[in-house]
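Chain and residue survey
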Amino acid sequence: MFLGTHEPKLDEKGRLILPARFRDELADGLVITKGQENCLYVFPAAEFALITERLRQAPVTQKNSRDYLRVMFAGAHDEVPDNQGRINIPSGLRTYASLEKNCVVIGANTRLEIWDQTAWGKYLADREKTFADVSEEVLPGLF
């Protein structure tokens, strides 16, 4: 499970140093792809394989399924962190997420999310009030 918020920086080659607490779980490989709200999702390779298996059930006859799968898989990049825990973020993914130098990496349960620092700050400011005011189940039957 991935938890917490970290603020690494991209280097001039587009590499990001993964937070130390996540490196063991990602050492065997990971997949970076486009996420919602213009962040990047980072999945351990094994988790991405499970997701891929579930997505095979998506009906290819539904246009929004095809569209989602195309964008998700076309933007996906597999990577193995180097000995210093760095991963390369391809330029197309950096552009999608508006990543330049200052980033935020958040733990989001089974994945990490990589955000531009300014975009994360704005997103969090917009959502924290709503989060604090929730008075009903967000996920009925679970939470």
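The numbers attached to residues start from 1 for each chain and follow its sequence in the written order. The model is predicted, so local features are restricted to residues of pLDDT at least 70 and side-chain atom pairs to those at 80 or more, both for listing and for counting; the totals for chains, interfaces and linings are taken over all residues. Excluding hydrogens and water, the side-chain values take into account all heavy atoms of the structure.

Within an unreviewed UniProt entry, the label attached to the protein chain reads Transcriptional regulator MraZ, and the organism entered is Candidatus Nanopelagicus hibericus. According to the UniProt record, the Sequence similarities (unreviewed entry) comment for the protein chain reads "Belongs to the MraZ family." UniProt positions are given in the numbering used here, feature names are shortened, and annotations may be inferred rather than shown by experiment. For the record of the protein chain, the UniProt heading Subunit (unreviewed entry) holds the text "Forms oligomers."

What follows deals with unusual backbone geometry. The backbone phi angle of Glu37 is positive, close to 55 degrees, even though this residue is not glycine. Helix numbers and strand numbers start at the N terminus; a helix is a DSSP run of H or I with at least 4 residues, a strand a run of E with at least 2. You can see Glu37 is positioned in the loop between β3 (30–34) and β4 (40–44). Categorising residues by exposure relies on relative accessible area from a 1.4 Å probe, with only protein chains included: less than 20% of the type maximum marks a residue as buried, more than 50% marks it as exposed, and the intermediate range marks it as partly exposed. Residue Glu37 is classed as partly exposed on the basis of its relative accessible area of 46%. Here Asn109, not a glycine, exhibits a phi torsion of approximately 70 degrees, which is positive.

So, on to the nonpolar core. The biggest cluster of nonpolar side chains holds 19 residues, and the ones touching the most others in it are Leu16, Ile32, Leu40, Ile89, Leu99, Leu112 and Ile114. Within the residue set of this core, elements represented by two or more residues are α1 (20–26), β3, β4, β7 (103–108) and β8 (111–116). Only heavy atoms matter for contacts: two residues are in contact if any of them lie within 4.5 Å across the pair. With near-sequence residues (within four places) excluded, Leu112 lies in contact with Phe2, Leu18, Phe22, Leu26, Leu40, Tyr41, Val42, Val105, Ile106 and Gly107. In plain words, nonpolar cores are sets of buried Ala, Val, Leu, Ile, Met, Phe, Trp, Tyr and Cys residues tied together by side-chain atoms within 4.5 Å. Core analysis: the next-biggest nonpolar cluster, separate from the first, contains 11 residues, Ile51, Val104, Trp115 and Trp120 among them.

So, on to the packing of aromatic side chains. Working definition: an aromatic ring pair is given by the centre-to-centre distance plus the angle between the planes. For this analysis, a ring pair means two rings from Phe, Tyr or Trp (six-membered ring only for Trp) whose centres lie within 6.5 Å, classed as stacked if their planes differ by under 30 degrees, edge-to-face if by over 60, and tilted for the remaining angles. Considering all chains together, one arrives at 7 aromatic pairs under this definition. Seen in terms of ring centroids, Tyr41 and Phe43 are 5.9 Å apart; in terms of plane orientation they differ by 85 degrees. Their pairing is edge-to-face. For the pair Tyr41 and Phe43, one class covers both residues: buried. What links up through ring pairs into an aromatic cluster is the set Tyr41, Phe43, Phe48 and Phe73. Think of it as a cone above the ring: NZ of Lys or CZ of Arg counts as a charge over the ring if it is within 6 Å of the ring centre and within 35 degrees of the ring normal. One Lys or Arg, Arg111, reaches over the ring of Tyr41 and ends 4.1 Å from the middle of that ring.

So, on to the pairing of β8. Within a regular strand, side chains alternate between the sheet's two faces. Counting buried residues along β8, 5 of its 6 residues qualify, which places the element largely inside the surrounding structure. Relative to β8, β4 runs antiparallel, the two being bridged by 3 bridges. Across the sheet, the residue bridging to Leu40 is Ile114, located in β8. The turn linking β7 back onto β8 is made up of 2 residues, and Asn109 within it adopts a positive phi angle of 70 degrees. A pair of strands is considered paired only if DSSP assigns at least 2 bridges between the two.

Here we take up the UniProt feature "domain: SpoVT-AbrB" (unreviewed entry) in the protein chain. Using the residue numbers shown here, the UniProt feature "domain: SpoVT-AbrB" (unreviewed entry) corresponds to residues 5–47 and 76–119. Annotation note: span residues 5–47, helix share 23%, strand share 35%, distance between end C-alpha atoms 21 Å.

The next subject is the state of the cysteines. Throughout, disulfides are identified as pairs of cysteine sulfur atoms within 2.5 Å of each other. Following the criterion strictly, the structure yields 0 disulfides and no others. Note on Cys39: no disulfide assigned, nearest cysteine sulfur contributed by Cys103 at a separation of 12 Å. Here Cys39 falls in the buried class, since its relative accessible area comes to 1%.

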